[in-house]
Amino acid sequence: MRDDIEAETSDSRLAARLASLRAEHGWSLDELSGLTGLSRSTLSRVERGELSPTAASLGRLCTAYGRTMSRLLTEIESEPPLRVPAGSQQVWYDTSVGFTRRSVSPPHPGLRGEVVECTLDPGSAVSYENPPVPGVEQHLWVLEGVAEIAVDGTTHSLGTGDCLRFRLDGPSRFHCPGPERTRYVLMIVMP
């Protein structure tokens, strides 16, 4: 019974990892089908965990993603740490624009979400031409100050305590109009 549960968990982690790899590459199911020779339907069922890939189909997927099978399987086996101490959270500064980014809950191959705390100095703005992964889901919660967030050509003004939820498919801009700094939490969920 325990072996059945472990195999089921492993299959679901593999399905999730294959889905996240496709999203990371920005490929549609049709594009991946063209690269691997596997049908769109089969790929969809594998990514949903309804069908376990054969060794041959897994080999084709590994080739498309530029991974060895052992690397892929290692990625799904390692469990992320449950606790991320404040002292081990990576902080990145962009002093040229007055932006600070703390990776509170960093990304991990076995997880789809991450949590980031950001601070923008008054007058600062950070713009992105494209999303890291098309369709990535984001939830932005303002902890202090005012933020102007532009998504899909629409600018949203948020105050302390406000939350903006969206899927990112195009350019975005995060701006602190001032007069005080803006501190916000961004939760990112991979498709």
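Located above this text is the structure these notes cover.
Since this is a predicted model, take the numbers as computed values, not measurements.

Caption draft 1: Here's a closer look at the overall build of the protein. Across its full length, the protein carries 5 helices and 10 strands. When burial is assessed residue by residue, the protein has 39% of its 191 residues classed as buried. Counting only contacts in the protein whose residues sit at least 6 apart along the sequence, the fraction spanning at least 24 positions is 62%. Just so you have it, the protein exposes about 10,900 Å², and 52% of that area is on carbon and sulfur atoms.

Caption draft 2: Representation of helix α2 (residues 29-36) in the model. Listing the buried residues of α2 in full gives Leu29, Leu32, Ser33 and Thr36. Buried residues along α2 cover an arc of 105° about the axis, so they all sit on one side. Exposed and facing more than 90 degrees away from the buried side of α2 are Gly34 and Leu35. Once α2 ends, the next one or two residues include Gly37, with phi positive near 80°.

Caption draft 3: Representation of the sheet that holds strand β6 (residues 147-151) in the model. Pairing in this open sheet of 4 strands is antiparallel, and the strands run β4-β9-β6-β7 from one edge to the other. Every other strand in the sheet has two partners, leaving β4 (125-128) and β7 (154-158) as the edge strands with one partner each. Strand-to-strand twist in this sheet, taken as the mean axis angle between neighbours without regard to direction, amounts to 10°. Taken together, the 5 bridges between β6 and β7 define a ladder with antiparallel strand orientation. Within β7, the residue paired with Ala150 across the bridge is Thr155.

Caption draft 4: Examining the nonpolar core more closely. Leu120, Leu140, Ile149 and Tyr184 are the most contacted members of the largest nonpolar core, which has 23 residues in total. Elements with a minimum of two residues in this core: β3 (113-120), β5 (136-144), β6, β8 (163-168) and β10 (182-189). Ranked by size, the runner-up nonpolar core spans 16 residues in total, among them Leu14, Leu18, Leu61 and Leu72.

Caption draft 5: Just the packing of α2 against helix α3 (residues 40-47), in detail. At a minimum axis separation of 9 Å, α2 and α3 run at an interaxial angle of 110°. Between α2 and α3, the crossing angle belongs to the class labelled roughly perpendicular. Helix-helix and strand crossings are classified by hand; for α2 and α3 the assignment is right-handed. Of the residues in α3, those touching α2 at Leu29, Asp30, Leu32, Ser33 and Thr36 are Arg40, Leu43, Ser44 and Glu47. In terms of residue class, the contact of α2 with α3 is built from 3 nonpolar, 3 polar and 3 charged.

Caption draft 6: Region of interest: helix α4 (residues 55-65). Burial in α4 covers these residues: Ser57, Leu58, Leu61, Cys62, Ala64 and Tyr65. When α4 is viewed along its axis, its buried side chains cluster within an angular range of 160° and face the same direction. Residues Ala55, Ala56 and Thr63 are exposed on α4 and point more than 90 degrees away from its buried face.

Caption draft 7: View of the side chain of Arg17. Turning to its location among the elements, Arg17 is positioned in helix α1 (residues 2-25). One polar contact links Arg17 to Glu24, side chain to side chain, over a distance of 3.0 Å.

Here is what the cut-offs are and how they apply
- Residues numbered from 1 in each chain as written.
- Predicted model: local features only at pLDDT ≥ 70, side-chain atom pairs only at ≥ 80, totals over all residues.
- Heavy atoms only, no water.
- Helix = DSSP H or I, 4+ residues; strand = E, 2+ residues; numbered from the N terminus.
- Buried < 20%, exposed > 50% of the residue type's maximum accessible area, 1.4 Å probe, protein only.
- Contact = heavy atoms within 4.5 Å.
- Areas by Shrake-Rupley, 256 points an atom, 1.4 Å probe, with all protein chains shown as cover.
- Arc of directions from axis to C-beta.
- Pairing = 2+ DSSP bridges.
- Axes fitted to C-alpha atoms, helices over the stretch in contact; angles between N-to-C directions.
- Core = buried A, V, L, I, M, F, W, Y, C linked by side-chain atoms within 4.5 Å.
- Parallel < 35°, antiparallel > 145°, perpendicular 65-115°, else oblique.
- Left-handed = near helix turned anticlockwise from the far one by under 90°.
- Nonpolar A, V, L, I, M, F, W, Y, C, P; charged D, E, K, R; others polar.
- Polar contact = N/O pair within 3.5 Å; in protein donor to acceptor, adjacent residues only side chain to side chain.

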